[in-house]
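Chain by chain, the residues run as shown.
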Amino acid sequence: MIDLQTSTIVDQEIKELVIPIDNVAHVQLGNSLEHALLVLVKSGYSAVPVLDLSFKIKGLISKTLILDSILGMERIEYEKLADHHVEEVMNSKVPRMKDTDTFTRALELSINQPFLCIENDEGIFIGILTRRAILALVYRHVRKRQIIEQP
Ligand code: AMP
């Protein structure tokens, strides 16, 4: 259990906050944009990780990136969805961390990212850490301290 009793949460590891890969919606290199859009719409997420066949993180794909890529001058070119692949459109700059990194690092990276990809020492994707989970822990910590410090 992450310890909320101590005066600091900053040096704790983030392992326990990670949503494991089995519960993370994702797509693979080679998947069509149509498949990726289906995954995004059905899961309700705005962006998901793109993995290669050895489960290494290669990028992030989002509804916005896909829709941008099929915007023609005069119409939306839906036919492109089947003919193009996620690697042509994905963002290859992925905010990532190790599961042994500290909470402070997660807090810092999450300022600009709704979620962070977590990998092990071999670079294999093991899950994601959402800004929601980070904020929830900070909130619990702040509440606990308020209760302890009440006169
Ligand atoms: P949340 O903080 O739960 O609103 O999630 C923020 C973002 O993290 C979502 O928009 C997704 O891009 C991503 N995300 C959260 N949970 C998952 C999941 N189980 N699978 C894939 N992506 C997720």
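The structure displayed is predicted, hence computed values, not measured ones. (Residues numbered from 1 in each chain as written. Predicted model: local features only at pLDDT ≥ 70, side-chain atom pairs only at ≥ 80, totals over all residues. Heavy atoms only, no water.)

### Re the overall build of the protein chain
Rule in force here: Under the scheme used here, helices are H or I runs from DSSP no shorter than 4 residues and strands are E runs no shorter than 2 residues, and both carry numbers assigned from the N terminus. The contact criterion used is simple: two residues touch if any of their non-hydrogen atoms lie within 4.5 Å. All accessible-area figures derive from a Shrake-Rupley calculation using a 1.4 Å probe, and residue coverage is judged against the displayed protein chains alone. Only four residue types enter the tally: Lys and Arg on the positive side, Asp and Glu on the negative side, with His and both chain ends excluded. Where a charge lies is defined by one atom per residue type, namely NZ (Lys), CZ (Arg), CG (Asp) and CD (Glu).
When helices and strands are counted, the protein chain shows six helices and seven strands. Order of helices (α) and strands (β) in the protein chain, N terminus to C terminus: β-β-α-β-β-α-α-α-β-α-β-β-α. Over its C-alpha atoms, taken along the principal directions, the protein chain stretches across nearly 65 × 35 × 20 Å. Taking all contacts inside the protein chain whose residues are at least 6 apart in sequence as the whole, residues at least 24 apart take part in 57%. When the accessible surface of the protein chain is summed, it comes to about 9,200 Å², and 54% of that surface belongs to carbon and sulfur atoms. Charge centroids of the protein chain, computed over 17 positive and 21 negative side chains, lie 6 Å from each other.

### Here's the deal with the sheet that holds strand S2 (residues 27–28)
How we decide: DSSP calls a pair of strands paired once it identifies at least 2 bridges connecting them.
Pairing within the open sheet is mixed, and its three strands lie in the order S2-S3-S4. Both edges of this open sheet fall to S2 and strand S4 (57–62), since each of them pairs with a single strand only. As paired strands, strand S3 (residues 47–51) and S4 are joined by five bridges and run antiparallel to one another. Bridge pairing links Val50 to Gly59 in S4.

### Here we look at the nonpolar core
Stated precisely, the cut-off is as follows: Buried Ala, Val, Leu, Ile, Met, Phe, Trp, Tyr and Cys residues that are joined via side-chain atoms within 4.5 Å together make up what is termed a nonpolar core. Think of it in three bands: residues with accessible area under 20% of the maximum for their type are buried, residues over 50% are exposed, and the middle band is partly exposed, with areas taken using a 1.4 Å probe on protein chains only.
With 15 residues, the main nonpolar core has Val27, Ile61, Ile66 and Val86 as its most contacted residues. Elements that contribute at least two residues to this core include exactly helix H1 (33–43), S3 and helix H4 (86–89). A per-element tally of this core places H1 first, with five residues. In contact with Val86, not counting residues within four places along its chain, are Val27, Gln28, Leu29, Gly30, Asn31, Ser32, Leu33, Ala36, Val50 and Ile61. Ile14, Val18, Phe103 and Ala106 belong to the second largest nonpolar core, which has 12 residues in total.

### Considerations on the pattern of salt bridges
Just so we agree on the cut-off: Salt bridges, as used here, are contacts in which a Lys or Arg side-chain nitrogen is within 4 Å of a carboxyl oxygen on Asp or Glu.
On inspection of all chains with the given rule, the structure shows five salt bridges. Arg96 is paired through a salt bridge with Glu119; the nearest N and O atoms lie 3.1 Å apart. Of this pair, Arg96 sits in strand S5 (residues 96–98) while Glu119 is found in strand S6 (residues 115–119), placing the two residues 23 residues apart along the sequence.

### Structural notes on H1
Convention followed: Think of it as the arc spanned by the lines of direction from the helix axis to the C-beta atoms.
Residues of H1 that are buried include every one of Leu33, Ala36, Leu37, Val39 and Leu40, and no others. Taken end-on, H1 shows its buried residues confined to a sector of 160 degrees, consistent with a single buried face. Structural note: H1 exposes Val41 and Lys42 on the side pointing more than 90 degrees away from its buried face. Residues of H1 that are buried sit in contact with S2, S3, S4, helix H2 (63–69), helix H3 (80–83) and H4. Residue Gly44 follows H1 closely and has a positive phi angle near 85 degrees.

### Describing the site of the ligand
Rules: By convention in this text, a residue qualifies as near a molecule or strand provided that one of its non-hydrogen atoms is within 4 Å of it. Only protein atoms enter the 1 Å grid used here. Points where a 1.4 Å probe fits but cannot escape make up a cavity, open sets with protein on both sides within 12 Å along at least five of seven lines make up a pocket, and a residue lines them when an atom lies within 4 Å of a point. Molecules are considered to sit inside a cavity or pocket once more than half of their atoms lie within 2 Å of its grid points. Residues are grouped as follows: Ala, Val, Leu, Ile, Met, Phe, Trp, Tyr, Cys and Pro are nonpolar; Asp, Glu, Lys and Arg are charged; every other residue, Gly included, is polar.
Taken together, 13 residues form the shell around the ligand, and within it Asn23, Ala25, Ala47, Phe115 and Arg132 come nearest. Relative to its unbound accessible surface of 480 Å², the ligand loses 83% to contact with the protein. More than half of the atoms belonging to the ligand lie within 2 Å of the grid points that define the largest pocket. The residue inventory of the shell around the ligand, partitioned by class, reads nine nonpolar, three polar and one charged.

### Some words on the pairing of S6
Put simply, the rule reads: Consider the strands pointing away from the viewer: the crossover is right-handed when the path from the first strand over the helix to the second runs clockwise.
With respect to burial, S6 is a largely interior element, five of its five residues being buried. Residues Phe115, Cys117 and Glu119 line one face of S6 and the alternating positions Leu116 and Ile118 line the opposite face, and both faces are buried. Pairing analysis gives three bridges linking S5 to S6, with the strands arranged parallel. Across the sheet, the residue bridging to Met97 is Ile118, located in S6. Running through helix H5 (residues 103–110), the crossover from S5 to the neighbouring parallel element S6 is right-handed. Where S6 and strand S7 (residues 125–130) come together, five bridges link them in antiparallel fashion. Residue pairing across strands places Phe115 opposite Thr130, the latter belonging to S7. What sits between S6 and S7 in their antiparallel hairpin is a turn of five residues, with Gly123 showing a positive phi close to 80 degrees.

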